[in-house]
Amino acid sequence: MSIGKILEYQMTLTCPEGEPGLYYCFMDTNGYSTWLEIDLSAIQNNVRRLQQITRSEVMAVVKANGYGHGAIPVAQAAVKAGATWCGVGRLEEALALRQAGLDCEILVMGYTPPPAIPEAIAQNITVTVYDQEQAEQYASQAREAHRRLRTHVKIDTGMGRLGVMAQAALDYMRWLNRLGGLQIEGIFTHFARADEPRVSLTTRQIERFLAVLDQLRAEGLCPPMVHAANSAAAIYFQDAYFNLVRSGIAIYGLDPSPEAGLPSGFLPALTWKARLTSVKTFPPGHGISYGSIYTTQKTERIGTIPVGYADGFRRVNQQQVLLFEQRVAVIGRVCMDQCALQLDAIPQAHIGDEVVLLGQQGNEQISAEELGARWGTVNYEVVCGLANRLPRLYSGPENSRL
Ligand SMILES: *Cc1c(COP(=O)(O)O)cnc(C)c1O
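Residues numbered from 1 in each chain as written. Predicted model: local features only at pLDDT ≥ 70, side-chain atom pairs only at ≥ 80, totals over all residues. Heavy atoms only, no water.

Draft legend 1. Looking closely at the site of the ligand. The ligand sits among 13 residues. The nearest are Lys63, Tyr67, Ser231, Ile249 and Tyr380. Within the side chain of His190, one N or O atom sits 3.4 Å away from a nitrogen atom of the ligand. Ile249 is positioned such that a nitrogen or oxygen atom in its backbone is 2.8 Å from an oxygen atom of the ligand. Within the complex, the protein chains bury 92% of what would otherwise be the 390 Å² of accessible surface of the ligand. For the ligand, the cavity whose grid points lie within 2 Å of the majority of its atoms is the largest pocket. The set of elements that each furnish at least two residues to the shell around the ligand consists of α3 (63–67) and β10 (244–247). Across the shell around the ligand, the residue classes tally to five nonpolar, five polar and three charged. (Near = heavy atom within 4 Å. Polar contact = N/O pair within 3.5 Å; in protein donor to acceptor, adjacent residues only side chain to side chain. Areas by Shrake-Rupley, 256 points an atom, 1.4 Å probe, with all protein chains shown as cover. 1 Å grid on protein atoms, 1.4 Å probe; cavity = no way out; pocket = protein on both sides within 12 Å on 5 of 7 lines; lining within 4 Å. Sits in = over half its atoms within 2 Å of the grid points. Helix = DSSP H or I, 4+ residues; strand = E, 2+ residues; numbered from the N terminus. Nonpolar A, V, L, I, M, F, W, Y, C, P; charged D, E, K, R; others polar.)

Draft legend 2. Structural context of the packing of helix α7 (residues 132–144) against helix α8 (residues 169–179). Interaxial distance between α7 and α8 falls to 11 Å at its minimum, and their mutual angle equals 15°. In terms of their interaxial angle, α7 and α8 are classed as roughly parallel. Both α7 and α8 take part in a crossing whose hand is right-handed. Here Gln132, Ala135, Glu136, Ala139 and Arg143 of α7 lie close against α8, whose contacting residues are Tyr172, Trp175, Leu176 and Leu179. (Axes fitted to C-alpha atoms, helices over the stretch in contact; angles between N-to-C directions. Parallel < 35°, antiparallel > 145°, perpendicular 65-115°, else oblique. Left-handed = near helix turned anticlockwise from the far one by under 90°. Contact = heavy atoms within 4.5 Å.)

Draft legend 3. Expanded view of the nonpolar core. Core analysis: the largest hydrophobic core is formed by 121 residues, its most contacted members being Val62, Leu97, Leu176, Ile305 and Phe313. Among the elements that take part in this core, α8 stands out by supplying seven residues, more than any other. Three or more residues apiece are contributed to this core by two domains, here domain 1 (40–252) and domain 2 (270–366). Core analysis: the second largest hydrophobic core is formed by five residues, Phe282, Ile288, Ile331 and Ala340 among them. (Core = buried A, V, L, I, M, F, W, Y, C linked by side-chain atoms within 4.5 Å. Buried < 20%, exposed > 50% of the residue type's maximum accessible area, 1.4 Å probe, protein only. Domains from an automatic or database assignment.)

Draft legend 4. Summary view of the layout of surface pockets. Taken as a whole, the largest pocket encloses approximately 790 Å³ of empty space. If you list the elements that add at least two residues to the lining of the largest pocket, you get α3, α10 (231–236), α11 (368–374) and α12 (379–384). Looking at the lining of the largest pocket, its residues break down into 18 nonpolar, 10 polar and eight charged. Considering only enclosed or pocket space, the second largest pocket measures out at about 290 Å³ in volume. Of all elements in the fold, only β11 (270–275), β19 (354–361), β20 (364–366) and α11 reach the threshold of two or more residues within the lining of the second largest pocket. Ranked by residue count, the leading element in the lining of the second largest pocket is β19, at three residues. Looking at the lining of the second largest pocket, its residues break down into 12 nonpolar, nine polar and two charged. (Points joined across faces, edges and corners; volume = space filled by probe spheres on them.)

As structure tokens, this is what we get:
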């Protein structure tokens, strides 16, 4: 993969101090009409909280641009707080972390195409194996490079996605150990329903995983690193801690699910803000935005904000944002990069005023969980959907470079 590709992938964002490729900026919001504020001390707090709870190593899962928070600054902050690993979905995400100078352990949890294996080896990136043909292809790439490829083996204990089926795990590991070329450093599984703590599947998955580990230990084939827990399991299933927990959503301070909330002490890291870009008084009977689905009933004050579905703010009705610490209604169709607000209750509203779409303003708050519920989805999709064009501005610790 070329450096150009990697830089493109990093989604370099405007940085007031002009350091392209390092989208980590001092907090200076004056020049933006809409932006994300990410509090890196919240990320660090959450990593430490997970360490306290689990007493295990923490893998900060920073796939999908750090769940929309910015993979590189989040990874830097998490590692500084003690995370020993970063987890990503794809090799190009791992390469972007290396490119930014991160030297922690990195696991690609998804599929890595065999032609990319030399690059993974060169960059000291660990990949996931779970299939015979895949392992053979990896091994031949590694032999050609005269190097060993670092791997973690994935076991399917009930997720029904990637992984060697638990019943086949012993045979697979015997075979894999004879294959050569691969350094088998870890073994892991993934839970399908840990975010529903009352459902028994997670307990059964843990039992199946423990049975696999026992079989492997009996033959001296158990790799040193063992991991299973995602954020929900790191909070709700102590038996799943092993050496390391792989946590995404909790390091961003967001609940794994409505039934699996975070305990106290976790802090959401992200706030989405915008400025009022227009405040106008319309006469009665005036259509607002595409389709005129909202028409003024009387003389009404209507504002606009420069946020739309191209930013990840969904094109659905009945939304709210915060202005002067009050909830105001989003009215009319959400456009690609604008939407309208009903401002009759906020007579002091003025062009340039700060609006919060996600996060806290005074005593009012709109959470990623609330937005998810509004959009018929989960908080994960809300933050992962925050568009690349939104500037990400980072604060703390001590509002300085890490
Ligand atoms: C995304 C992912 C995680 C992190 O899940 P969270 O629920 O965000 O903690 C852990 N493990 C694997 C394999 C993943 O794909």
